[in-house]
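Secondary and tertiary structure notes
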Amino acid sequence: MTKISKTSTPETEQSSRRDFFRKTAAYSISAIAATTVLSPAKLLADDENIIHHTPWGTTLGDELNKNPYGLPSPYEHNVVRRTASLLSSAGDMHAAISLSPLAEMDGIITPNGLFFTRTHNGVAHIDPNKHRLMIHGMIDKPIVLTMDDIKKYPRESVIHFLECPSNGAAEWKAPQFNSLQFVKGMMSCTEWTGVRLKTILADLGVKPEAKWMLAEGGDGSEMSRTVPVEKVMDDAMIVYAMNGEALRAEQGYPIRLLLPGWEANLCVKWLKRLEFGDEPWYCKEETSKYTTLMPSGKAIQHFYPLEVNSIITSPCPEKPWTELKKGDIVEIEGLAWSGKGTVKLVDISFDGGKNWVEANLKGLVLPKAWTRFSYIYKYDGKPLLLQSRAMDDADDVQPTVNQEKAIIGVEGVYHRNAICTWEVKENGEVNNVQVRS
Amino acid sequence: MFKYDRKLITTGLVAILISSVSAFGYEGKKDALDGGMTYPRVNGDYTAYKINENIDKVKINNGRTPTANELKAWDRDIMPDGTGLPDGEGSVEDGDELYESLCAVCHGDFGAGGVGYPTLTGGDISSLTNQRTVPGKDAPKRTIGTYWPQASTLIWYTRDAMPYAHPKSLTNNELYAITAYLLAANGIKVDGQEMDDEFVLSKENFLKIEMPNKDGFYPDIDGKDGIENVRKFFADGKNYGAVGKRCMSNCKDPGMEDVEATVMGIDYELTDVKPPYNNTRNLPKVKKTNSHPGKEGYDKNCAVCHATDTMGAPRLGDSEAWAKITKQGLQKTMIHTIEGIGGMPPKGGNKDLTEWQIQLILDYMISNSK
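Residues numbered from 1 in each chain as written. Chains lettered and ligands numbered in written order. Predicted model: local features only at pLDDT ≥ 70, side-chain atom pairs only at ≥ 80, totals over all residues. Heavy atoms only, no water.

Helices and strands together make up the secondary structure of chain B, namely 13 helices and 11 strands. A compact globule built from 370 residues should have a C-alpha radius of gyration of about 21 Å, whereas chain B, at 29 Å, is more than 25% larger. Seen through its C-alpha atoms, chain B measures out along the principal axes to roughly 95 × 65 × 60 Å. Looking at chain B as a whole, 40% of its 370 residues qualify as buried. Sequence-distant contacts in chain B: of pairs separated by 6 or more residues, those separated by 24 or more amount to 52%. Entry remark: accessible area of chain B is about 21,600 Å², with carbon and sulfur atoms responsible for 53%. For chain B, the centre of its 43 positive side-chain charges and the centre of its 52 negative side-chain charges are spaced 9 Å apart. (Helix = DSSP H or I, 4+ residues; strand = E, 2+ residues; numbered from the N terminus. Rg over C-alpha atoms; globule rule 2.2 N^0.38 Å. Buried < 20%, exposed > 50% of the residue type's maximum accessible area, 1.4 Å probe, protein only. Contact = heavy atoms within 4.5 Å. Areas by Shrake-Rupley, 256 points an atom, 1.4 Å probe, with all protein chains shown as cover. Lys, Arg positive; Asp, Glu negative; His and termini not counted. Charge placed at Lys NZ, Arg CZ, Asp CG, Glu CD.)

All names here are of chain A. Parsing chain A into structural domains produces domain 1 (105–281) and domain 2 (306–433). Here the C-alpha centre of domain 2 lies 28 Å away from the C-alpha centre of domain 1. Tallying the contact residues gives 35 residues for domain 1 and 35 residues for domain 2. Summing both partners gives a buried area of about 3,000 Å² for domain 1 against domain 2, and 61% of it is carried by carbon and sulfur. The tally of links between domain 1 and domain 2 comes to 1 salt bridge. A salt bridge links Lys368 to Asp235, with the nearest nitrogen and oxygen atoms 2.9 Å apart. Applying the counting rule to domain 1 against domain 2 returns 18 residue pairs in polar contact (both at pLDDT 80 or more). (Domains from an automatic or database assignment. Buried area = accessible area lost by both parts, 1.4 Å probe. Salt bridge = Lys/Arg side-chain N within 4 Å of Asp/Glu carboxyl O. Polar contact = N/O pair within 3.5 Å; in protein donor to acceptor, adjacent residues only side chain to side chain.)

Turning our attention to the sheet that holds strand β16 (residues 299–300) of chain A. Taken together, the 3 strands give an open sheet; going across it, the order is β15(A)-β16(A)-β9(B), and neighbouring strands pair in mixed fashion. Each edge of the open sheet is held by one strand with a lone partner, namely β15 (292–293) of chain A together with β9 (217–218) of chain B. As judged from the 2 bridges shared by β15(A) and β16(A), these two strands associate in the antiparallel manner. Among the inter-strand pairings, A:Thr292 is bridged to a residue of β16(A), identified as A:Ile300. (Pairing = 2+ DSSP bridges.)

Turning our eyes to something else, we now look at the pattern of salt bridges. Pairing between side chains of opposite charge can happen when the charged atoms of each approach one another. Enumeration according to the criterion identifies 43 salt bridges over all chains in this entry. Between A:Arg225 and A:Glu286 there is a salt bridge, with its nearest N and O atoms 3.1 Å apart. Here A:Arg225, found in strand β10 (residues 224–228), pairs with A:Glu286, found in the loop between β14 (271–277) and β15; they are 61 residues apart in sequence, far enough to count as distant. Like A:Arg225, the residue A:Glu286 is buried in the burial classification. Residues joined by salt bridges that share partners form a network here, namely A:Glu216, A:Arg273, A:Glu275, B:Asp75 and B:Asp77.

A separate point is the packing of helix α12 (residues 330–339) of chain B against helix α13 (residues 355–367) of chain B. Residue and element names in this part refer to chain B. As a packed pair, α12 and α13 sit with axes 11 Å apart at the nearest point and diverge in direction by 115°. Crossing angle aside, the handedness with which α12 passes α13 is right-handed. Between α12 and α13, the contacting residues are Leu330, Thr333, Met334, Thr337 and Ile338 on the first element and Glu355, Ile358, Gln359, Leu362 and Ile366 on the second. By residue class, the composition of the contact of α12 with α13 is 6 nonpolar, 3 polar and 1 charged. (Axes fitted to C-alpha atoms, helices over the stretch in contact; angles between N-to-C directions. Left-handed = near helix turned anticlockwise from the far one by under 90°. Nonpolar A, V, L, I, M, F, W, Y, C, P; charged D, E, K, R; others polar.)

With that out of the way, let us pick up the interface of chain A and chain B. Many structure descriptions define interface size as the accessible area lost when the parts assemble. Opposite the 140 residues of chain A that make contact, chain B presents 119 residues. Of the roughly 11,700 Å² buried where chain A meets chain B, counting both sides, 57% is carbon and sulfur surface. Where B:Arg281 meets A:Glu76, a salt bridge forms, and the shortest distance between an N and an O atom there is 2.6 Å. For the interface between chain A and chain B, the tally reads 58 residue pairs in polar contact (both at pLDDT 80 or more). By residue number, the principal contributor to the side of chain A that touches chain B is strand β25 (residues 430–436) of chain A, which donates 5 residues. Along the lines of polarity and charge, the residues of the side of chain A that touches chain B split into 59 nonpolar, 39 polar and 42 charged. By the bridge criterion, 3 bridges tie β25(A) to strand β10 (residues 262–264) of chain B in an arrangement that is antiparallel. Residue pairing across strands places A:Val435 opposite B:Val263, the latter belonging to β10(B).

As structure tokens, then:
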């Protein structure tokens, strides 16, 4: 074990940010000059890729519609979801989870083929012509809707992340996976299109005593959960499209429930039935699972929102700084999100959480959506303990590992949102570590 | 009239100023049930989105009323108060037999756990306070007897989602029998009495089942205060670890001012990753795509156990295990597959498979296990 005190905050970051940028500008000019003077060998060697014609520049390409449904470049075939036996039952991949390759993803939108996937009884393939949604229980007017009926309602599109509350669950006791994909890949973010449940319910007369709604899926496990009606009336949706096309089968084709900011398992896939009632249902996935066991021996149930969280995506174990030279200017980039609201700010620490500086938010800043943050950094080759810490507009701040552990213990499984640490070694290698007692 | 508190007003002003310079240019209220924010839909805006507010003003009459039979077919959930319990009955003894043939393949003998599938029995409720960072402590045992709060969850889930590969195939009598067996195997009492082999479970005595960890969960979601209890729970971050503070320099965890925090690396790295990590950009190797006609049937019906060696099932590709089987001749292997053998139910649990399909599946499994 390394003592945290051995690393210190880089000098440039201790001074004010304006000062820092001024210095950076000066450094980069001198850095370019230095390269020109000091690396004559590099200037002399010709790049074959420039000197000679390329195969793709001297032949006729494919017919434009060879793939009527477009595919990624074949060179990108390693950018895929990944899973592990630990995340399944006995290596059986029908009730398991596969994780998004966050290190290879840009912006705040996850391509549909890379959206993380969790199933409880395999991926169901539903015929949309035969699919029905029944809404009944404590309402004046029970209804059955076909897919055509559902698509007749006015539609809305919103960008929200979905996250499994098990994201990072392997790491309560110690770091386990040396990759961003496995440390935080049980989440994705997409533009969802569908109808607000409130729009459908306006005509159905939900009775005042109806406090809960059962949502039930049509897959082999009939995956079901109880949802408070208050959330249903706030921002719940029934969605049928993601990123402009129909939901993927893995995401619940033809429809799933969307409860922005709440545990992804509550956003029931292959949705077939909504029942309103005055008492909760006690489904399997809100009792035996998805309950957080505390050191008292009692467990938190109905633990809905994914709390404020963040992770540095560059550098990370998959994207190390091994090719950087001292003096290189590099961007530290990451993702922040909160199921309780909107990301307000993100801080970065270089010394394992002793000292912090504020990063910049970048791109769209939307409620309950991934938000990018960015920090321009002059690499000096010294070892670092890189951390990010997000705060949302509900004024929640990410806890340290110790702060969270002091309350939840290490057996809670779900809702781990403690600050993550990447150890950047002298050679630029990046490892998953934890600063903790 | 009351006197304005100067300090309070100042604090309030500061708070308003802070929220009005939010980085993203829209405001919400911290009044959601989950302790978070809600955002208004006003003047054609919803946070950063433009919206058509007329959507919120109309009532749209789509769809049709479900028939009584349709409601009966789908409204089958089973609740803690007994709503939805089916007719029928089953004994612990019958459940034992059914469990052995249908469930043990994954959940192990007496529910003691298969290789990785959920353990259903055993352990002690006192284990729920275990923390594995304390030397000598095992993981808490979260089984039906030590953890599940409601028996209705067990019978509902078993009916709709089990057996794993063939959900919704149990009769009501089978369902009561398996439920009775699992409760008995967990030492659960009904109306103060232990359940012996002859015990028969039905709608009539179901509500007398005493689940040991019934009160092991919070907030209390039952009754008229259920929702308000949830709201109170989320209002205090200390209840669930939302205790982070924004400190900018010389930060130390509260209570750890004198302790030097250490950096914990990965002692035991989990590397069983599928597909294996690979960050290179190159052209994929061309794979043979000729699929065996028995592969699909295998994947659907057999892989659950034979992809690994769950409950002694010969694993696909294990040439030694399969040599022993093929030595008996194909005909005997067919008969065993159709009638079931060891932990395997007849036809692997899918009675709809034809003999021709089974032949194809066997051929696929044998030719891939040489």
